[in-house]
Amino acid sequence: MGRLSVNLCGIELDNPIIPASGTFGYGYEFAELYDINCLGTFSFKGTTKDPRFGNPTPRIAECKNGMINAVGLQNPGVEKVVSEELPKLKKCFNKKVMANVSGFAVEDYAYTCQMLDKEEQVGWLEVNVSCPNVHGGGMSFGTCPEAAAEVTAAVKKVTTKPVIIKLSPNVTDIVSIAKACEAAGADGISLINTLLGMRIDLRTKKPVIANKMGGFSGDAIFPVAVRMVYQVANAVNIPVVGMGGVSTAEDVIELMLAGATAVEVGAANLIDPFVCRDIINDLPAVMDKYKINSLQEIIGGCK
Amino acid sequence: MKQSIYKIIENIALTSTVFKMVLEGDVSDIKNSGEFINIKLEGKYLRRPISVCDVDATTVTIVYKVVGTGTEQMSKMPVGTELDVLVGLGNGYDLSLSGEKPLLLGGGVGVPPLYNLAKRLIKDGKEVTVVLGFNTKDEIFYEQEFKDLGATVFVTTADGTYGIKGFVTDAMKNIDYSYFYTCGPEPMLKAIYKASTTSGQMSFEERMGCGFGACMGCSCKTLTGYKRICKDGPVMKKEEILWED
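Computed from a predicted structure; not experimentally measured.

Asks: Explain the confidence of the model for chain B to me, and be specific about the residues and the numbers.
Replies: Of all residues in chain B, 100% attain a pLDDT of 70 or more, and the chain-wide mean is 96. The ipTM value of the predicted complex is 0.91, and its pTM value is 0.94.

Set out below in structure tokens:
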């Protein structure tokens, strides 16, 4: 193992850097910019059973040190993802990819995961029970331990691949939800999804975003991510994938000290498309600065 | 697409709210008229997408309107300031469909991307007519610049303080054209869509996240499927446009 490599649910990653779902498409837009095989892996665009256009525009709002999005899980549906997107992805990425799945009913999640389970390149299923931008699904599964556990159990039945449940920070007790997922068979937990937020245009006196509310992400949410990763990592015995406001190699190390085995980078990709490549290049020097020999050794190092 | 550092070599007011900025740097990735660039500003999280007005071997010119705190910040930047910019974004206009007598219609800050387009069409030997629409006389810019290129130029003002009183569609009625290209506010695009007697291309605007096709922040529905304004657009052909309301 190299000094940057980590083991995520039985699969070795060359480094812990994973572009987060919804900020990296199916990889090929970024493959035009740099060789994305430098990544640990990436989590592809949230995929649902049926095709979705998503929410009306405007879907994006600027915030201090962050942004709000209400895209609403736009995707071509799992069948087209398998038949059209994954073949394109395979041409530019030769490692295992993380498949991000969302749904509106327990059966939807199971159907989509079953379809993706057959795909050799899919290494992990990241099951999103935390999307704040769709009604009657998404986050509602992730705000209640029983519902999150039900989704976890249903997905585990249809796949042999590691299942990572992506949790919402918009809850009062994230630990109880993480524990319920672990008890239901989850192989890992990823967090945090976006924080529910809103902006109002002073001139029109109306919400900036057509959907009124959306998911707040970017630099500003990083301390929330550190806190929640720390809480969850200390409460479960399965790997935690940390994310939320990460944009530098220092942020990666901080989240790993909090307990993350790997780290997803989200909104930062939209501002600086080369950020993941740059973080990977920066990591060795930053590790040297803090006298860190290998990343695998520092996971959960903050007590 | 390319990310690079550009130096401001000019930043002047054209009207009380519209400014012209010339940036010097690597412009090799700017290929088509109608593309845009995405500018990182100190203290702002999202970049600011601004359409390209003109480009030469070493500089790119943008003409932008102060509409919020980001563009206000830009308007106060001194010459010599360095900016982190993504260039080579968006599809741009397709010149091959212009015919011999293309008509270019710009409304307000929709005018700038037509400048480089007019320049290229004239260089190709086309007989270019330009209609520039503004609300009032004080808002007019670039009339002389288009004339200097050799285009036939009409200016309309909604209040009649200069040129033809009315909207660009009022001028359009009396012009003989082979094809049209336009950029401006959506009500203007809709009016041109209805009034036009030929095919054409329209450049759209939307709030963007990334500006290069990753986030799906600026998606729209078209008759040929879902498109991203930033990557599959901002220019759409008349035949594919689907008005939603």
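Asks: Quick rundown of the interface of chain A and chain B? Include the residues and the values.
Replies: Between chain A and chain B, the contact holds 35 residues from the first and 28 residues from the second. Its largest share of buried area at the contact with chain B, chain A owes to F53, E62 and I271 of chain A, together 28% of the area lost on that side. At the boundary of chain A and chain B, one finds three salt bridges. At the boundary of chain A with chain B, the tally comes to ten residue pairs in polar contact (both at pLDDT 80 or more). Its residues assigned to classes, the side of chain A that touches chain B shows 17 nonpolar, nine polar and nine charged.

Asks: Give me the lowdown on the environment of I30 of chain B, citing residues and values where you can.
Replies: All names here are of chain B. Position of I30 relative to the elements: it lies in the loop between β2 (18–24) and β3 (36–40). Accessibility expressed as a relative area gives 7% for I30, which makes it buried. Each C-alpha atom of the pair I30 and V52 lies 8.8 Å from the other, and the pair is 22 residues apart in sequence. The residues contacting I30, other than those within four sequence positions of it, are E35, I37, V52, V55, V60, V87 and G88.

Asks: Could you give an account of the sheet that holds strand β8 (residues 129–134) of chain B, with specific residues and numbers?
Replies: Residues and elements named next belong to chain B. Across the sheet, seven strands lie side by side as β10-β9-β8-β7-β11-β12-β15; this open sheet has mixed pairing. Strands at the two margins of the open sheet, each flanked by one partner only, are β10 (164–165) and β15 (235–237). Here helix α2 (residues 112–123) sits on the sheet in contact with β7 (102–107) and β11 (179–183), set at roughly 165° to β7. Each of β7, β11 and β12 (200–203) touches helix α5 (residues 186–195); the most contacted strand, β11, lies at about 170° to it.

Asks: Now, about the pattern of salt bridges: what can you tell me, with residues and values included?
Replies: Residue and element names in this part refer to chain B. Applying the stated criterion to the full structure yields 20 salt bridges over all chains. K101 serves as the salt-bridge partner of D176, at 2.4 Å between the closest nitrogen and oxygen. Within this pair, whereas D176 is found in the loop between α4 (168–172) and β11, its partner K101 is found in the loop between β6 (82–89) and β7, the two being separated by 75 residues in sequence. Its relative accessible area of 54% is what places D176 among the exposed residues.

Conventions adopted
Every chain's residues receive numbers from 1 upward, in the order its sequence appears when written. All chains are assigned letters beginning with A, and all ligands numbers beginning with 1, in the order in which they are written. The predicted nature of this model means local features are confined to residues of pLDDT at least 70 and side-chain atom pairs, given and counted, to a pLDDT of 80 or more, with totals for whole chains, interfaces and linings taken over all residues. Note: side-chain values were computed over all heavy atoms of the structure, leaving out hydrogens and water. A residue's pLDDT is simply how confident the predictor is in it, with values from 0 to 100. Here, two residues are considered to be in contact whenever any of their heavy atoms come within 4.5 Å of each other. Summed over both partners, buried area is the accessible surface (1.4 Å probe) that two parts give up on being assembled. Throughout this description, the term salt bridge denotes a Lys or Arg side-chain nitrogen within 4 Å of a carboxyl oxygen of Asp or Glu. N or O atoms within 3.5 Å of each other form a polar contact, as long as, within protein, one can give a hydrogen and the other can take it, and as long as residues adjacent in sequence are counted only when both atoms are side-chain atoms. Only Asp, Glu, Lys and Arg are considered charged, only Ala, Val, Leu, Ile, Met, Phe, Trp, Tyr, Cys and Pro nonpolar, and every remaining residue, Gly among them, polar. A helix here means a DSSP run of H or I that spans at least four residues, while a strand means a run of E at least two residues long, and both kinds are numbered starting from the N terminus. Exposure is judged per residue with a 1.4 Å probe applied to protein chains only, and the accessible area is read against the type maximum: over 50% gives exposed, under 20% gives buried, and values in between give partly exposed. The rule for pairing is simple: two strands pair if DSSP sees at least two bridges between them. Axis lines are fitted through C-alpha atoms, for helices just across the contact stretch, and the angle between N-to-C directions can take any value from 0 to 180 degrees.

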